[in-house]
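# Examining the three-dimensional arrangement
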Amino acid sequence: MNFHRPSMKEILLDEQRLLELLSDAGPGGQIENRYLYHILKQLHMMGASFRDEWKIVMFNGDHDGELSEPYAEYCDLLLQNKEVSFDAEQGEYQLEG
């Protein structure tokens, strides 16, 4: 089956592999990690809701890219493949190296 190439703002998921990972991360699975399981479950539901538009908001402590300028700058640096870390308590990022 020919699939279209995903754009940079699209995630293309193989449902069978996703279901295998869900099984591994779920209760009694090889990995059994609740956080990973719930992220994968949410991705599965987002994929099933293909008619809806989704937005992913990443946060660290009280910071997210829309409300915190230092975190927005940190995210911009991540997108530039810079080695950078963010200290949520201080509200500052640090370029590595």
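Residues numbered from 1 in each chain as written. Predicted model: local features only at pLDDT ≥ 70, side-chain atom pairs only at ≥ 80, totals over all residues. Heavy atoms only, no water.

Within the largest apolar cluster, six residues are counted, these being Tyr-71, Tyr-74, Cys-75, Leu-77, Val-84 and Phe-86. When residues of this core are traced back to their parent elements, those giving at least two are α3 (69-79) and β3 (84-87). Ranked by residues supplied to this core, first place goes to α3 with four residues. Ignoring sequence-local partners within four residues, the contact set of Leu-77 consists of Lys-82, Val-84, Tyr-93 and Leu-95. (Core = buried A, V, L, I, M, F, W, Y, C linked by side-chain atoms within 4.5 Å. Buried < 20%, exposed > 50% of the residue type's maximum accessible area, 1.4 Å probe, protein only. Helix = DSSP H or I, 4+ residues; strand = E, 2+ residues; numbered from the N terminus. Contact = heavy atoms within 4.5 Å.)

Here we take up the packing of helix α1 (residues 15-25) against helix α2 (residues 34-48). For the pair α1 and α2, interaxial distance at closest approach is 9 Å and the crossing angle is 155°. In terms of their interaxial angle, α1 and α2 are classed as roughly antiparallel. The way α1 lies across α2 gives a crossing that is left-handed. Mapping the contact onto sequence places Glu-15, Leu-18, Leu-19, Leu-21, Leu-22 and Ala-25 in α1 and Leu-36, Tyr-37, Leu-40, Lys-41, Leu-43 and His-44 in α2. Residues that form the contact of α1 with α2 fall into these classes: nine nonpolar, one polar and two charged. (Axes fitted to C-alpha atoms, helices over the stretch in contact; angles between N-to-C directions. Parallel < 35°, antiparallel > 145°, perpendicular 65-115°, else oblique. Left-handed = near helix turned anticlockwise from the far one by under 90°. Nonpolar A, V, L, I, M, F, W, Y, C, P; charged D, E, K, R; others polar.)

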